[in-house]
Structure formats: C-alpha cells, structure tokens
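Take a look at the letters that make up each chain.
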Amino acid sequence: QVSTLSDKSMVTNESIQQLLQESFQGAEVSVAQSGSKFDVRIVSDEFEGLRAIKRQQRVYAAFGDLITSGAVHAISINALTADEWKQQSRFGSNF
C-alpha cells in the first residue's frame, strides 16, 4: 500500500501515523516508537462488533509489506472503539 515506506530510514512515528489515518478515516491514532518496534493505538468505530483478532488483522493489513520487508520489526496494537477508549481513559490507561 505505501511502498515508499519500505526503506527502514523512512519509517517514523509520523509516517506510521499518516499511514494508519489514511487506512482508518476519522480515527484517532497514536504512535510510539522504540527502534523498529511501534506501539500503536487506534480509536475508530470501524472496530465496533469486531473481535480483537479481526481488529489486529485490519491494522496489520494497513502495514502491507513494511513488516515483511523488515522496515517494521514489531507492532503492539491497541485497537478500540470510541466507547472503549473512553472507558479505558476513565481508569487511567494512557496508551
């Protein structure tokens, strides 16, 4: 999908955030990076009614070949609906 990001040096928090925002229109996206590992939080009503594995599959699909190319080594995914995020936020979850 975004083959221009297959070069490891081009993968940044901002590029991952943009990729996910393009894939999940209207979503709230947060990205934290440690080397080639990314922690992502996506809050989107597109996840309504989906089990966790289906949500993760949708997020992985957005990364396309970034994982297979090695540009992204690992991803930790927190995919929530807006209601789920509000509930977590009340109990002190920041990411």
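Residues numbered from 1 in each chain as written. Predicted model: local features only at pLDDT ≥ 70, side-chain atom pairs only at ≥ 80, totals over all residues. Heavy atoms only, no water.

## Structural notes on the sheet that holds strand S1 (residues 28-34)
Strand pairing in a sheet relies on backbone hydrogen bonds. The paired strands run either parallel or antiparallel. As a reminder, the rule being used: Note on pairing: two strands pair once DSSP finds at least 2 bridges between them. Only runs of H or I of at least four residues qualify as helices and only runs of E of at least two qualify as strands under DSSP, and these elements are numbered from the N terminus. As a rule, the C-alpha atoms of each element are fitted with a line to give its axis, helices using only the stretch in contact, and angles between N-to-C directions run from 0 to 180 degrees. Pairs of residues are marked as contacts when any of their non-hydrogen atoms sit within 4.5 Å.
An order of S1-S2-S3 is seen for the three strands of this open sheet, with the pairing classed as mixed. Of all the strands in the sheet, the pair left with one neighbour each is S1 and strand S3 (74-80). Averaged over all pairs of adjacent strands, the angle between strand axes in this sheet comes to 10°, irrespective of strand direction. Sheet topology places strand S2 (residues 37-43) next to S3; seven bridges connect them, and they run parallel. If you follow Ile-42 over to S3, its bridge partner there is Ala-79. Here helix H2 (residues 52-63) sits on the sheet in contact with S2 and S3, set at roughly 130° to S3.

## Section: the packing of helix H1 (residues 13-23) against H2
A pair of packed helices is captured by two measures, namely the crossing angle of their axes and the spacing between those axes. We apply this condition: An angle below 35 degrees is treated as roughly parallel, one above 145 as roughly antiparallel, one from 65 to 115 as roughly perpendicular, and anything else as oblique. A crossing counts as left-handed when the near helix is turned anticlockwise from the far one by less than a right angle, and as right-handed when that turn is clockwise. In this classification, Asp, Glu, Lys and Arg are treated as charged, Ala, Val, Leu, Ile, Met, Phe, Trp, Tyr, Cys and Pro as nonpolar, and every other residue, Gly included, as polar.
With their axes 10 Å apart at the nearest point, H1 and H2 run at an angle of 120° to one another. Classed by the angle they form, the pair H1 and H2 counts as oblique. Regarding H1 and H2, the two cross each other, and that crossing is right-handed. Seen from H1, the contacting residues are Ile-16, Leu-19, Leu-20 and Ser-23; seen from H2, they are Val-59, Ala-62 and Phe-63. Looking at the contact of H1 with H2 residue by residue, the class counts come to six nonpolar, one polar and no charged.

## A word on the pattern of salt bridges
Stated formally: Take a side-chain nitrogen of Lys or Arg and a carboxyl oxygen of Asp or Glu: if they are within 4 Å of each other, that pair is a salt bridge. Remark: exposure states derive from per-residue accessible area (1.4 Å probe, protein chains only) relative to the maximum for the residue type, with buried under 20%, exposed over 50%, and partly exposed in between.
Tallied over the full model, the rule gives three salt bridges. Across the salt bridge formed by Arg-41 and Glu-28, the nearest N and O atoms sit 2.9 Å from each other. Of this pair, Arg-41 sits in strand S2 while Glu-28 sits in strand S1, placing them 13 residues apart in sequence. Residue classification places Arg-41 among the buried residues on the basis of a relative accessible area of 6%.

## Regarding the side chain of Arg-55
Position of Arg-55 relative to the elements: it lies in helix H2. For Arg-55, a relative accessible area of 9% gives the class buried. Excluding residues that lie within four positions of it along the chain, Arg-55 makes contacts with Phe-47, Leu-50, Ala-79, Leu-80, Thr-81 and Glu-84.

## Digging into the nonpolar core
Rules: Residues grouped as a nonpolar core are buried Ala, Val, Leu, Ile, Met, Phe, Trp, Tyr and Cys residues, joined through side-chain atoms within 4.5 Å.
By size, the foremost hydrophobic cluster in this structure holds 21 residues, and its most contacted members are Ile-16, Leu-20, Val-40, Val-59 and Phe-63. Contributing elements (two or more residues each) for this core: H1, S1, S2, H2 and S3. In this structure, Val-59 is in contact with Leu-20, Phe-24, Val-40, Ile-42, Phe-47, Ile-77 and Ala-79, ignoring residues within four places of it in sequence.

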